[in-house]
Structures are given as C-alpha cells and as structure tokens.
Amino acid sequence: MPEMPEVQGLVDFLGERAVGHAITRTSVGEIAALKTYDPPNTALHGAQITTASRQGKFVVLSCGEDLHLVFHLAKAGWLRWYELLPTTLIKPGKSPIALRVALDDDSGFDLTEAGTKKSLAVYVVRDPQDVPGIARLGPEPLTEDFTRDAFANLLEGRRMQIKGLLRDQSVIAGIGNAYSDEILHAARMSPYAISGKLDDEEVDRLYAAMQMTLRDAVAAASGKPPADLKDAKRAGFHVHARRGEICPVCGDTVRSVFFADRSLEYCPTCQTSGKVLADRRLSRLLK
C-alpha cells in the first residue's frame, strides 16, 4: 500500500505537472471505485487544477475552493502518468483502470488497481472533509506541532499493541504496514509492545525512529516520477518485505508473522531480545 512518503511524492509530482492545467475528461473504469455522486465526476470537466495536496494517504487535487478530486490508492492501487494520454476506450470492469483523467495538454493519468479485491476509492467533493476517511484522520507525524510530548500523550493509557497503533489512521495519519515495520526496527522495539506501557526512554527512541524513518523516506521519494516511487520505497527497507534476508544492523535473519491479509517483518536480535514471535494473530513471545 502506498504510504505517506510515496503519496507525498505523487503529490509533489502532480503539483509540478498537473497544477495549472484544466481537466478535459474523466472516464470511470470501475464504477465501485467512485464513492460519490454529488457533485458528479463530470463537474470536473473544464475545471482547472489549482493545488495538489496530501491528507494522510489521500491525494487531493483541488479545482478552486469548492471542487476537489480526492483519491486513496488502497493496497494495490497506483497512479500511472502519461505525457500523451492513450485514447483507447475504457470498458468498465474490463481493465485494471479505475479512473482516467485527461488534461488540456493531452497528458493525464490513470488510477489503476491490481488484483480482484477492489479497494481504491475516488471522491468528487466540495470539501475534502466530506470524505469520511479524511474527517477521522489523526495528526500528521512530520508537522511542527507533532512533538515528542504530543506523541507521548497519544500513547498514554492505550492498551493497543504499538504496531497496530502506528497503523491506525485515526491516531496518526499516513503510516501503514511497511513503515511501521521500519520504524519499530529502527526503534529496536517489539511490534507487540503495549503503547501505554512504554517508558520515557522507549518513547524517546520510538519518536526519534519515526521522525528519521519518515523524513528519509520522503527525501528518497522527492523529485521522482510515479513510475520510480515504488522502487525507491523498497530500496530503503531494512526489514519490511525482507523475510529470510540478513538484518543490516546485526546480521540476524529477518522473520515474519503472517495474518489473514498481511504480514509484519522484524529482526529478533534487534527487537525481541533474540526470541522468535509465534506466527499467529494474537502471538506472544515463544518461551
């Protein structure tokens, strides 16, 4: 799933390439992806894109103050940019294209989604806050007011495992499965540590790891076109999606815990005092 650094990379690219251009046409390829009907997607036709911004994992293309194209790429979605947009007819349900957006200089982009489980979501709204997922977002982790103390206040009293808390968009916006793995590895912390039981030193480590990991990832994504962002993301991973490989910090083997629709990766030596986590959803450290 694209997370905050890659989504910011897409926003930066669209800010340079799409802002200032008018939308000439939108073509819906997956009816279920379009979550709104008022305004209709045709309201975008002829509207000029004035800003590109990000809220959590959502991309917001604004056409003035009262019309916004918002999309969330979900687990298997992506944006494919064309300097010369194809003119082939999109047949709903017959291709991976959920939405095609044409601009007034013949460029444009497709929102695509691989696989059979369709979760990519597109909204045309008068206010981004009309999108339920945006309305319930927690704070952005790289803003100036997201201080160490603000983070500690979010953790206080919570009984959630720290891996789940980092992924909870209502608590912190923009972090998903991949970067939560990377943050916890950098913090030398078990994914099953309980949020509200972390001591001051652990909170310090976790906050510093979050800031470092996300800032490095945003920097790696900066200036790259959409086609290069996925490779840039993978290149920075130490543990995520590296099961069976060698941890670059200590030399131990990276392990996985599998769930129904995802997995987490971690290093036993760096994060769990050498103990291997049992491979089930409510895993505890093996004795």
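Residues numbered from 1 in each chain as written. Predicted model: local features only at pLDDT ≥ 70, side-chain atom pairs only at ≥ 80, totals over all residues. Heavy atoms only, no water.

Trainee: Could you give me a rundown of the layout of surface pockets, with the residues and numbers involved?
Mentor: Counted as a void, the largest pocket has a volume near 1,200 Å³. Residue assignment for the lining of the largest pocket shows that the elements contributing at least two residues are β5 (77-82), β7 (108-113), β8 (121-125), α5 (177-186) and α7 (226-235). Looking at side-chain class alone, the lining of the largest pocket contains 15 nonpolar, ten polar and 14 charged residues. Size it by volume and the second largest pocket reaches roughly 350 Å³. Forming the walls of the second largest pocket are 20 residues, and the residues nearest its centre are Glu182, Thr213, Asp216, Gly236 and His238. Going through the elements one at a time, α5, α6 (200-221) and α7 are the ones with two or more residues in the lining of the second largest pocket. When residues in the lining of the second largest pocket are grouped by element, the largest group, six residues, is from α6. Looking at the lining of the second largest pocket residue by residue, the class counts come to eleven nonpolar, four polar and five charged. (1 Å grid on protein atoms, 1.4 Å probe; cavity = no way out; pocket = protein on both sides within 12 Å on 5 of 7 lines; lining within 4 Å. Points joined across faces, edges and corners; volume = space filled by probe spheres on them. Helix = DSSP H or I, 4+ residues; strand = E, 2+ residues; numbered from the N terminus. Nonpolar A, V, L, I, M, F, W, Y, C, P; charged D, E, K, R; others polar.)

Trainee: If you had to explain the side chain of Gln271 to someone new, which residues and values would you point to?
Mentor: Mapped onto the elements, Gln271 comes out in helix α8 (residues 268-271). Of the residues examined, Gln271 reaches a relative accessible area of 7% and is grouped as buried. Non-local contacts of Gln271, meaning those with residues more than four positions away in its chain, are made with Leu184, His185, Arg188, Met189, Ser190, Pro191 and Tyr266. (Buried < 20%, exposed > 50% of the residue type's maximum accessible area, 1.4 Å probe, protein only. Contact = heavy atoms within 4.5 Å.)

Trainee: I'd love a proper account of the pattern of salt bridges, names of residues and values included.
Mentor: Enumeration over the complete set of coordinates arrives at 13 salt bridges. The salt bridge partner of Arg17 is Glu83, with a shortest N-O separation of 2.8 Å. Taken together, the positions of Arg17 in helix α1 (residues 4-17) and Glu83 in the loop between β5 and β6 (97-103) put the pair 66 residues apart, joining distant regions of the chain. On the basis of relative accessible area, Arg17 is assigned to the buried category, the value being 18%. By relative accessible area, Glu83 is classed as partly exposed at 47%. Between Asp204 and Arg148 there is a salt bridge, and its shortest N-O distance comes to 2.7 Å. Taken as a pair, Asp204 in helix α6 and Arg148 in helix α3 (residues 148-155) lie far apart in primary sequence, 56 residues in all. For Asp204, a relative accessible area of 39% corresponds to the partly exposed category. For Arg148, a relative accessible area of 21% corresponds to the partly exposed category. Counted as one network, the salt bridges with shared partners bring together Arg148, Asp149, Asp200 and Asp204. (Salt bridge = Lys/Arg side-chain N within 4 Å of Asp/Glu carboxyl O.)

Trainee: Now, about the sheet that holds strand β2 (residues 51-55): what can you tell me, with residues and values included?
Mentor: The four strands are arranged β2-β3-β4-β8 in an open sheet whose pairing can be described as antiparallel. The outermost strands of the open sheet, each flanked by one partner alone, are β2 and β8. Across the sheet, the mean angle from the axis of one strand to that of its neighbour is 20 degrees, orientation sign disregarded. Strand direction decides the pairing type here: strand β4 (residues 68-72) and β8, joined by five bridges, are antiparallel. Within β8, the residue paired with Phe71 across the bridge is Val122. Where α1 meets the sheet, it contacts β2, β3 (58-62) and β4, and its direction lies at approximately 170 degrees from that of β2. (Pairing = 2+ DSSP bridges. Axes fitted to C-alpha atoms, helices over the stretch in contact; angles between N-to-C directions.)

Trainee: Tell me what's going on with α7, and back it up with residues and numbers.
Mentor: Buried within α7 are the following residues: Pro226, Leu229, Ala232 and Lys233. The buried residues of α7 occupy one face: seen down the axis, they fall within an arc of 100 degrees. Away from the buried face of α7 by more than 90 degrees, exposed residues Ala227, Asp231 and Ala235 are located. The elements touched by buried residues of α7 are α1, β5, α5 and α6. (Arc of directions from axis to C-beta.)

Trainee: Go over the packing of α5 against α6 with me, naming the residues and quoting the values.
Mentor: Running from amino to carboxyl end, α5 crosses α6 at an angle of 130 degrees, the nearest separation of the two axes being 8 Å. Judged by the angle between their axes, α5 and α6 are oblique. Seen from above, α5 lies across α6 with right-handed handedness. Packed against α5, whose contacting residues are Tyr179, Glu182, Ile183, Leu184 and Ala186, the element α6 presents Leu206, Ala209, Met210, Met212, Thr213, Leu214 and Ala217 at the interface. (Parallel < 35°, antiparallel > 145°, perpendicular 65-115°, else oblique. Left-handed = near helix turned anticlockwise from the far one by under 90°.)

Trainee: Lay out α1 with the relevant residues and their values.
Mentor: Compared with an ideal rise of 1.5 Å per residue, which puts 14 residues at 20 Å, α1 spans 20 Å between its outermost C-alpha atoms and is within 8% of the ideal. Most of α1 sits out of view: eleven of its 14 residues are buried. The complete set of buried residues in α1 reads Met4, Pro5, Glu6, Val7, Gln8, Gly9, Leu10, Val11, Phe13, Leu14 and Arg17. (Expected span 1.5 Å × (residues − 1).)

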